[in-house]
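Descriptive structure summary
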Amino acid sequence: MRTFSSLDEVSAAAGTDIGTSDWFEITQDRVNRFADATEDHQWIHVDAERAAEGPFGTTIAHGYLTLSLLPFLGSKVVTFDFPGPKLNYGLNKVRFPQFVKVGARVRDHLAMGEVTEAAHGLQVAMKHTIEIDGEDKPACVAENLILLLQG
């Protein structure tokens with residue numbers, strides 16, 4: 001876990017590797033609950049019997065489920081331990097190079113990209129690579145923008 005205690009420490013870390021989270025299993029229950037939350041009940045996600053005969057041989061996680069894990073997995077790698085709001089500002093780029101089979105384990109490899117001054121703080125580009133245990137290609141590559149504001 002990398003802890004930053006000030007905005008100056010964050011600025012100094014621009015362009016550096018931050019670390020990697022522990023593995024996290026993608027369960028069918030999680031996929032089903034995500035399907036319920038998003039109303040996306042496509043059979044490749046929720047129908048294990050039909051999916052077993054489909055192109056992936058099993059059910060797979062929604063791409064957006066994988067993306068939604070960025071805050072959770074990222075929090076296992078980095079923390080900003082200073083006063084002030086930490087806001088999700090958006091995404092610059094998101095790709096899903098490899099599907100995630102239910103039962104697979106994923107983890108987040110995190111690097112800090114560009115750090116720029118923003119009104120009342122910093123804008124930080126966090127580069128996430130969601131790796132799949134045993135796979136060559138990542139499940140998701142995303143650049144998430146966060147605003148770190150002075151308290």
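Remember, predicted model here, so these are calculated numbers, not experimental data.

Moving on to unusual backbone geometry. In this structure, Glu39 is a non-glycine residue whose phi angle is positive, near 60°. As for its placement among the helices and strands, Glu39 is situated in the loop between helix H2 (28–38) and helix H3 (43–46). Residue Glu39 is classed as exposed on the basis of its relative accessible area, which comes to 64%. The phi angle at His120 is positive, at roughly 70°, despite the residue not being glycine. For His120, the position within the fold is in the loop between strand S6 (105–118) and strand S7 (121–132).

By size, the foremost hydrophobic cluster in this structure holds 18 residues, and its most contacted members are Ile26, Val100, Val106 and Ile130. Within the residue set of this core, elements represented by two or more residues are H2, helix H5 (63–68), helix H6 (70–75), S7 and strand S8 (140–149). Excluding anything up to four places from it in sequence, Ile130 contacts Thr66, Leu70, Leu73, Val106, Arg107, Asp108, Pro138, Ala139 and Cys140. In terms of nonpolar packing, the next biggest core, distinct from the first, is built from 17 residues, Ala13, Ile18, Phe82 and Val115 among them.

The residue Thr59 is located in the loop between helix H4 (48–52) and H5 in this model. Taking the relative accessible area as the measure of exposure, Thr59 reaches 2% and is therefore buried. Among the polar contacts made by the side chain of Thr59, one reaches the side chain of Gln28 at a distance of 2.5 Å. Setting aside chain neighbours within four positions, we find Thr59 in contact with Gln28, Trp43, Ile44, His45, Val46, Asp47, Ala48, Ala51, Val100, Lys101 and Val102.

A few words now on the packing of aromatic side chains. This structure, assessed with the given rule, holds five aromatic pairs. Taking the centre distance of 4.4 Å and the plane angle of 55° together, the rings of Phe56 and Phe99 count as tilted. Of this pair, Phe56 sits in the loop between H4 and H5 while Phe99 sits in the loop between strand S5 (86–95) and S6, placing them 43 residues apart in sequence. With a relative accessible area of 24%, Phe56 lands in the partly exposed category. Taking the ring centre of Phe82 as reference, the NZ or CZ of Lys86 above it sits at 4.8 Å.

A few words on the environment of Gly113. Within the secondary structure layout, Gly113 lies in strand S6. Judged by relative accessible area, Gly113 falls into the buried class, the value being 7%. With 32 residues separating them in the primary sequence, Gly113 and Leu145 have C-alpha atoms 9.5 Å apart. When residues no more than four places from it in sequence are discounted, the contact partners of Gly113 are Ala14, Gly15, Ala125 and Lys127.

With that settled, the discussion passes to H2. Listed as buried for H2 are Val31, Phe34 and Ala35. Considered in projection along H2, the buried side chains sweep an arc of 105° and stay on one side of the axis. Looking at the packing, one finds that the buried side of H2 touches H3 and H5. Positive backbone phi, at 60°, marks Glu39, one or two positions downstream of H2.

Tracing the backbone through its elements, the reader meets Glu9 in helix H1 (residues 7–12). For Glu9, a relative accessible area of 35% gives the class partly exposed. Taking the C-alpha atoms as reference points, Glu9 and Asn88, separated by 79 residues in sequence, lie 19 Å from one another. Ignoring any residue separated from it by four or fewer positions in sequence, one finds Glu9 in contact with Thr3 and Phe4.

Rules of the game
Residues numbered from 1 in each chain as written. Predicted model: local features only at pLDDT ≥ 70, side-chain atom pairs only at ≥ 80, totals over all residues. Heavy atoms only, no water. Helix = DSSP H or I, 4+ residues; strand = E, 2+ residues; numbered from the N terminus. Buried < 20%, exposed > 50% of the residue type's maximum accessible area, 1.4 Å probe, protein only. Core = buried A, V, L, I, M, F, W, Y, C linked by side-chain atoms within 4.5 Å. Contact = heavy atoms within 4.5 Å. Polar contact = N/O pair within 3.5 Å; in protein donor to acceptor, adjacent residues only side chain to side chain. Phe/Tyr/Trp six-rings, centres within 6.5 Å; stacked < 30°, edge-to-face > 60°. Lys NZ or Arg CZ within 6 Å of the ring centre and 35° of its normal. Arc of directions from axis to C-beta.

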